[in-house]
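Below are the chains, spelled out letter by letter.
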Amino acid sequence: MYKILCIGAGYVGGPTMSMIAKKNPNVRVTVVDINSSRIDAWNSDNLPIYEPGLLEVVKAARGKNLFFSTDIHRGIEEADMIFVSVNTPTKTFGHGAGEASDLQHWERCARQILEVAKTDKIVVEKSTLPVRTADAMARILNSGSNGVKFEVLSNPEFLAEGTAIADLDHPDRILIGGHDTPAGQKAVQALVDVYAAWVPRERILTTNLWSSELSKLTANAFLAQRVSSINSISALCEATDADVGEVAHAIGTDSRIGSRFLKASVGFGGSCFQKDILNLAYLCQSYGLHEVAEYWRQVVKLNEYQQRRFVARMLREMFNTIAGKRIALFGFAFKADTGDTRESPAILVARELLAEHVDLVITDPKALAQAQIDLADVKDRIQFEPDPYQAANGAHAIAVVTEWDQYKTLDYQRIYDRMIKPAFVFDGRNILDHKALYEIGFNVYSIGKAALKHI
Ligand code: UDX
Ligand code: UDX
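Residues numbered from 1 in each chain as written. Chains lettered and ligands numbered in written order. Predicted model: local features only at pLDDT ≥ 70, side-chain atom pairs only at ≥ 80, totals over all residues. Heavy atoms only, no water.

A. Region of interest: the pattern of salt bridges. Applying the stated criterion across every chain, the model contains 26 salt bridges. Each of Glu99, Glu294, Arg297 and Lys301 takes part in one network of salt bridges that share partners. (Salt bridge = Lys/Arg side-chain N within 4 Å of Asp/Glu carboxyl O.)

B. Main features of the packing of helix 12 (residues 290-317) against helix 13 (residues 345-355). Relative to each other, helix 12 and helix 13 sit at 40°, their axes nearing to 10 Å. Classified by the angle between their axes, helix 12 and helix 13 sit oblique to one another. Viewed along their axes, helix 12 and helix 13 form a crossing whose handedness is right-handed. Within the contact between the two elements, helix 12 uses Glu304, Gln307, Arg308, Phe310, Val311 and Met314 and helix 13 uses Pro345, Leu348, Val349, Glu352 and Leu353. Its residues placed into classes, the contact of helix 12 with helix 13 shows seven nonpolar, one polar and three charged. (Axes fitted to C-alpha atoms, helices over the stretch in contact; angles between N-to-C directions. Helix = DSSP H or I, 4+ residues; strand = E, 2+ residues; numbered from the N terminus. Parallel < 35°, antiparallel > 145°, perpendicular 65-115°, else oblique. Left-handed = near helix turned anticlockwise from the far one by under 90°. Contact = heavy atoms within 4.5 Å. Nonpolar A, V, L, I, M, F, W, Y, C, P; charged D, E, K, R; others polar.)

C. Seen up close, helix 13. Every buried residue of helix 13 is accounted for by Pro345, Ala346, Ile347, Val349, Ala350, Leu353 and Leu354. Buried-residue contacts for helix 13 involve helix 12, strand 9 (326-330), strand 10 (359-363), helix 14 (368-374) and strand 11 (382-384). Just beyond helix 13, the residue with positive phi is His357, at close to 65°. (Buried < 20%, exposed > 50% of the residue type's maximum accessible area, 1.4 Å probe, protein only.)

D. Local environment of the site of ligand 2. Near ligand 2 there are 20 residues, and of these Phe158, Glu161, Ser265, Phe334 and Arg429 occur at the shortest range. The contact in question runs from an oxygen atom of ligand 2 to an N or O atom on the backbone of Leu159, over 2.9 Å. Between ligand 2 and Lys263, the relevant distance is 2.8 Å, taken from an oxygen atom to a main-chain nitrogen or oxygen of the residue. Protein contacts shield 90% of the accessible area of ligand 2, which totals 660 Å² for the unbound molecule. It is helix 9 (residues 209-240) that contributes the most residues to the shell around ligand 2, four residues altogether. (Near = heavy atom within 4 Å. Polar contact = N/O pair within 3.5 Å; in protein donor to acceptor, adjacent residues only side chain to side chain. Areas by Shrake-Rupley, 256 points an atom, 1.4 Å probe, with all protein chains shown as cover.)

E. Representation of the sheet that holds strand 11 in the model. Spatial ordering of the open sheet is given by 11-10-9-12-13-14, a layout of six strands whose pairing is parallel. In the strand order of this sheet, the two ends are held by strand 11 and strand 14 (443-446), each with one partner. Ignoring strand direction, the axes of neighbouring strands in this sheet form an average angle of 20°. Taken together, the four bridges between strand 13 (residues 424-427) and strand 14 define a ladder with parallel strand orientation. Bridge assignment links Val425 to a residue of strand 14, and that residue is Val444. Against the sheet, helix 12 touches strand 9, strand 12 (397-400), strand 13 and strand 14, its axis set at about 165° to strand 13. (Pairing = 2+ DSSP bridges.)

This is the structure in structure tokens:
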């Protein structure tokens, strides 16, 4: 039986390997992680990440040909193919701090594979890595003396959180990069065969290693850039009474532009966009391409500006003083349908509001526990409240930060009746019925649209 190992049971490794196992009953898939409580959770019905449809996929294969374990050593020994899906966060220290990728986990994995392996293996980079990392990986792996041969492939993951299962089931494309040598191409074919179990062959793209590595960074940079572009226009819309939703629709119907990823918001979050753009900028910088680096950095700067602008508008519209006022943040996750808060705009918004001495209350259906961890240093100054009605009780303002569906259908008359007047709504996701809210009596401020105010 062909054996696949994945090192790293996170948001990427866990769901991806579960899908590979489900679709390839003849392949044995093992997922290992140094975090034993995470592995315990993968072996339970209470999975460590919230993702619609994931539990069904896991249950279809777990115990048959899908296994979660902490025995990394044995996993490496037995595997024919090893995916490395450990985290590669932005470096916080030393050279390149704040921009470059921290590759220490990843390098440790490479050394561990080298140390343990007794048979030839294909090593697949699943983590997002700087271009030419495969080169370094191959050099480490091939520094051994026991004759074991390694072939390194790049196979970036494009799934988005919240829709991971649908994205894995019906991917726009699978990207596999490998060396243009007979051994490299043989390894590429082995990985193509794994995906061809359910993905149409024409959707499996094969490229050289460096193109594959760079495509991942570029895809995320382009997606984030679209959000920053529309957010930049949202600021101009607010100043001119144009409506950013109408502008986005008007430009998005141009088939050359396309309609997706043009939703103006309080800003983009998530574990990838900022990290990957900064990494891209750092790479450009290190190749002496300063103008290119600066171009991409601006996408991140605009995103931070958008978050600060959101809070500045709240302050300005609430009579330039929000100290002591109760404000309810609706949502803390970086987007709907996930409990993930990594780089969520809610974090900066919450901190900026606290800096203004706001009496802050935060509600979220999935991310409240994580919010308390993210804001641990200021947690005594915040109320964490699962019920949005309770959160809004006695508040001066509501600020929608995550586009959870349930916020669209709350009884806003009931909420209004229990708020301090004048009552304010700041819709950072443009998901509410603004006209209806205005008619109830709210002063309504959304992203990139004229304000609806009674005062
Ligand atoms: C990670 C990378 O961050 C991202 O760049 C890449 O695109 C895909 O892999 P994610 O799955 O979201 O994304 O990361 P995370 O949820 O943090 O999972 C990484 C896992 O690796 C953690 O469970 C961690 O415990 C584990 N790990 C880390 C190891 O098993 N060994 C290590 O040496 C380091
Ligand atoms: C992203 C990429 O989409 C995915 O391909 C890659 O593998 C990982 O990074 P993810 O971070 O899960 O996925 O979420 P995504 O849906 O891309 O949203 C990122 C952020 O942008 C969220 O905060 C979202 O709310 C925001 N966004 C997205 C907008 O503000 N407007 C939009 O139009 C789209």
